[in-house]
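Structural overview
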Amino acid sequence: MDVLNLIGGRWVEGDGEEFADTNPARPSEVVARGRFASAAEVERAVAAARAAAPGWAATPHHARAAVLVAAADLVDASADEWGAELAREEGKTLPEAVAEVRGSARILRYYAGEADRESGEIFASPRPGENVLVVRKPIGVAGLITPFNFPIVIPAWKIAPALSYGNTVVWKPSSLVPLLAYRLAQALTSAGLPDGVLNLVYGEAEAGSAIVDHPGVDAISFTGSTAVGRAVIARCGELGKPVQTEMGGKNASVVLADADLDHAAEQVCLGAFRSTGQKCTATSRLIVASPVADELLERVAERAARLVVGDPLSPGVEMGPLVSSAARDRVTSGVARAVDEGAKPLAGSAPYDGEGWFVPPTVLDLPGTGVDFWRTELFGPVVGVVRASGTEEALGLANLSEHGLSAAIFTRDLGVALQAVERLDVGVLHINSESAGTFPYVPFGGLKQSGFGPKEQGRAAREFFTHTMTVYLGAPA
């Protein structure tokens, strides 16, 4: 099908280069076609957002919320259809894809609920007859840049708070997943969103740079690679523009000697291989206490070897393809480099035989932490293992990364779990569950090179999408 840009309330084809959205399980199959927005169209999108901003900010919060609720209803009603499109476009299995679509509806409803929550604070003043109010106001025009790996949920967790708090939006999704972006924008416009409040522009890096650089865009929220995120942070620093980034991860799961090994093996595999490992919170490093290492690795390798890999729309398939040939090549070359550096494959040594951008679930027994794999995010279904002598060394190894997004620890010892809470430098910590997964009502984000600026989701999103005004309210003389 054809997808269109949304600019100032009008669906337009785009004046830029043509693009084709293909099925990563069957690359010869075209899922959607469209045209990128030209530089002039990006300019018009920003102008439309600026023109719509005063009216949308002045719209009562409950009226803005009603649009989000109506959009959530439309998304839920289309979950099966859009889930199948998501699986064809991005490569997630059908159950994961449908769950993601429904998850985006829950996010829309959560931020609609902000209309019923407190929106400011009141403080006592030492001066008679005066109160001090802290009120929250929208930041203005938000530039949103979203990745391929969660093509409707990540856009929803940026767009929903932006709109709920009274901002207008210029949004550039990944060009690898234009169809689900189109669907989300359709739901919001069909729900009654006024013209110009949401603007969708397809494009490559140049379009993203144009949004970041534009003086009419007041703040930038970006999710993507660490390298690009750091460039966005630097540019926004030069421009004095608020920025929020969620970037890469090199997430560790720590399995200690007292852990339930069957449960730990299952959760490690879910964290490493679900969504084909294409999520920033995926488990890519496994640190195991030496006394149970061989026993655990036998379980992990066995589970990895029997995962059903194939067309994500087929019943019983547990892992689909990577999103593109470039992603497949990056992962396979990273695995080959690790083997050259001394890693021993415990699972996944045989290449996938068939059409599409598939790689097998792979477990690598690493010779130590000096290999490139320990540092570099491959963004695929590969986990590398090292052994630790005990809790102290295991937690130290988990922290041995420039990233600090997510981690998991498996133990029956409450004291050790609390020690992990104290010691680990991550934004998200799972105790006895996989490293991936988040709920829309709690903050999400990383430390170190994994994140910069206010966290996303929950009420933390308000810290980015609003600014405060302190009002000294005195009685007239």
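Residues numbered from 1 in each chain as written. Predicted model: local features only at pLDDT ≥ 70, side-chain atom pairs only at ≥ 80, totals over all residues. Heavy atoms only, no water.

Observations concerning the overall build of the protein chain
Looking only at helices and strands, the protein chain features 15 helices and 22 strands. Against the globule reference of 23 Å for 477 residues, the protein chain gives a C-alpha radius of gyration of 23 Å, in line with a compact fold. Along the longest, intermediate and shortest principal axes, the C-alpha atoms of the protein chain span 75 × 60 × 40 Å. Residues classed as buried in the protein chain amount to 57% of the 477 residues present. Long-range pairs, those at least 24 residues apart, make up 72% of the contacts in the protein chain between residues at least 6 apart in sequence. Total accessible area on the protein chain is roughly 18400 Å²; 55% of this is exposed by carbon and sulfur atoms. In the protein chain, 41 side chains carry a positive charge and 57 a negative one; their mean positions are 4 Å apart. (Helix = DSSP H or I, 4+ residues; strand = E, 2+ residues; numbered from the N terminus. Rg over C-alpha atoms; globule rule 2.2 N^0.38 Å. Buried < 20%, exposed > 50% of the residue type's maximum accessible area, 1.4 Å probe, protein only. Contact = heavy atoms within 4.5 Å. Areas by Shrake-Rupley, 256 points an atom, 1.4 Å probe, with all protein chains shown as cover. Lys, Arg positive; Asp, Glu negative; His and termini not counted. Charge placed at Lys NZ, Arg CZ, Asp CG, Glu CD.)

A few points about the pairing of strand E5 (residues 120-124)
Pairing of E5 with strand E6 (residues 130-138), which is carried by five bridges, proceeds in the antiparallel orientation. Looking at E6, one finds that alanine 124 is bridged to asparagine 131. Between E5 and E6, which pair antiparallel one after the other, the connecting turn spans five residues, and glycine 129 there sits at a positive phi close to 75 degrees. (Pairing = 2+ DSSP bridges.)

Topic: the environment of glutamine 278
Topologically, glutamine 278 is positioned in the loop between helix H9 (261-273) and strand E13 (283-289). C-alpha separation for the pair glutamine 278 and proline 381, spaced 103 residues apart in sequence, amounts to 7.4 Å. At 3.0 Å, the side chain of glutamine 278 and the backbone nitrogen of valine 323 are in polar contact. (Polar contact = N/O pair within 3.5 Å; in protein donor to acceptor, adjacent residues only side chain to side chain.)

A closer look at the pairing of strand E11 (residues 243-246)
Going residue by residue along E11, you find Val243 and Thr245 tucked away on one face and Gln244 and Glu246 tucked away on the opposite face as well. Alignment of strand E10 (residues 219-223) against E11, held across four bridges, turns out to be parallel. In the sheet register, threonine 223 faces E11, and the bridge partner there is glutamate 246. Once the chain exits E10 it traverses helix H8 (residues 226-239) before rejoining the sheet at E11, and the crossover so formed is right-handed. Here E11 pairs with strand E21 (residues 451-452) via two bridges, running antiparallel. The residue of E21 that forms the bridge with glutamate 246 is glycine 451. (Right-handed = clockwise from strand over helix to strand, strands pointing away.)

Notes on the nonpolar core
Of all hydrophobic cores here, the largest spans 66 residues; its most connected members are Leu163, Trp171, Leu188 and Phe465. Here this core takes nine residues from helix H4 (residues 94-112), the largest share from any one element. When residues no more than four places from it in sequence are discounted, the contact partners of leucine 188 are Val67, Leu68, Ala71, Leu108, Ile159, Leu163, Leu193 and Leu198. Judged by nonpolar contacts, the second largest core, of 34 residues, contains Phe148, Ala343, Leu378 and Leu424. (Core = buried A, V, L, I, M, F, W, Y, C linked by side-chain atoms within 4.5 Å.)

Examining the sheet that holds strand E22 (residues 466-474)
Reading across the sheet, the three strands line up as E5-E6-E22 and stay open at both edges, with antiparallel pairing between neighbours. A single partner strand is all that each edge strand has here, and the edge strands are E5 and E22. In this sheet, adjacent strand axes meet at a mean angle of 20 degrees when their direction is disregarded. (Axes fitted to C-alpha atoms, helices over the stretch in contact; angles between N-to-C directions.)

A look at the side chain of histidine 403
Inspection of the secondary structure assignment puts histidine 403 in strand E17 (residues 403-404). Within the structure, histidine 403 has its side chain in polar contact with the side chain of threonine 226 (distance 3.3 Å). Residues contacting histidine 403, with those up to four places away along its chain left out, are Thr226, Gly248, Gly249, Lys250, Arg375, Leu447, Lys448, Gln449 and Ser450.

Some details on helix H3 (residues 79-90)
The end-to-end C-alpha distance of H3, which contains 12 residues, comes to 15 Å, matching closely the 16 Å that a straight helix rising 1.5 Å per residue would cover. Listing the buried residues of H3 in full gives Ala79, Trp82, Gly83, Glu85, Leu86, Ala87, Glu89 and Glu90. Residues of H3 that are buried sit in contact with strand E3 (18-23), strand E4 (26-35), helix H2 (61-77), H4 and helix H6 (178-190). Directly beyond the C-terminal end of H3, a positive phi value near 110 degrees is found at glycine 91. (Expected span 1.5 Å × (residues − 1).)

Some thoughts on the pattern of salt bridges
Taken as a whole and judged by the stated rule, the model has 32 salt bridges. A salt bridge links glutamate 18 to arginine 35; its shortest N-O distance comes to 3.0 Å. With glutamate 18 in strand E3 and arginine 35 in strand E4, this pair connects stretches of sequence that are 17 residues apart. Residue class for arginine 35 comes out partly exposed when judged on its relative accessible area of 24%. (Salt bridge = Lys/Arg side-chain N within 4 Å of Asp/Glu carboxyl O.)

A look at the sheet that holds strand E15 (residues 362-365)
In space, the seven strands of this open sheet follow the order E14-E15-E16-E13-E12-E18-E19, with mixed pairing throughout. Only two strands of the sheet have a single partner each, and these edge strands are strand E14 (344-347) and strand E19 (428-431). Taking the axes of each pair of neighbouring strands and ignoring which way they run, one obtains an average angle of 25 degrees across the sheet. Sheet analysis places E15 next to strand E16 (residues 382-388), joined by four bridges and oriented parallel. Within E16, the residue paired with leucine 364 across the bridge is glycine 384. Set on the sheet, helix H10 (residues 290-306) makes contact with strand E12 (251-255), E13, E14, E15 and E16; between it and E13 the angle comes to about 145 degrees.

A word on the side chain of arginine 462
Its location among the elements puts arginine 462 in helix H15 (residues 461-465). Separated by 3.4 Å, the side chain of arginine 462 and the backbone oxygen of glutamate 118 make a polar contact. Once you skip the residues sitting within four places of it in the chain, arginine 462 turns out to touch Glu114, Glu118, Ser119, Arg136 and Tyr165.

What about the packing of aromatic side chains?
Under the definition given, this model contains nine aromatic pairs. The interplanar angle of 80 degrees and the centroid separation of 5.1 Å between the aromatic rings of tryptophan 11 and tyrosine 182 together place this pair among those described as edge-to-face. Here tyrosine 182 lies in helix H6 and tryptophan 11 lies in strand E2 (residues 10-12), a separation of 171 residues in the sequence. Where phenylalanine 19 meets phenylalanine 36, the ring centres are 4.7 Å apart and the plane angle is 20 degrees; that geometry is what we call stacked. Of the two residues, phenylalanine 19 sits in strand E3 while phenylalanine 36 sits in the loop between E4 and helix H1 (39-58), which places them 17 residues apart along the sequence. Residue phenylalanine 36 is classed as buried on the basis of its relative accessible area of 9%. Taken together through their ring pairs, the aromatic side chains of Phe19, Phe36 and Tyr202 make up a single cluster. Cation over ring: arginine 117 sits above tyrosine 110, and NZ or CZ is 4.4 Å from the ring centre. (Phe/Tyr/Trp six-rings, centres within 6.5 Å; stacked < 30°, edge-to-face > 60°. Lys NZ or Arg CZ within 6 Å of the ring centre and 35° of its normal.)

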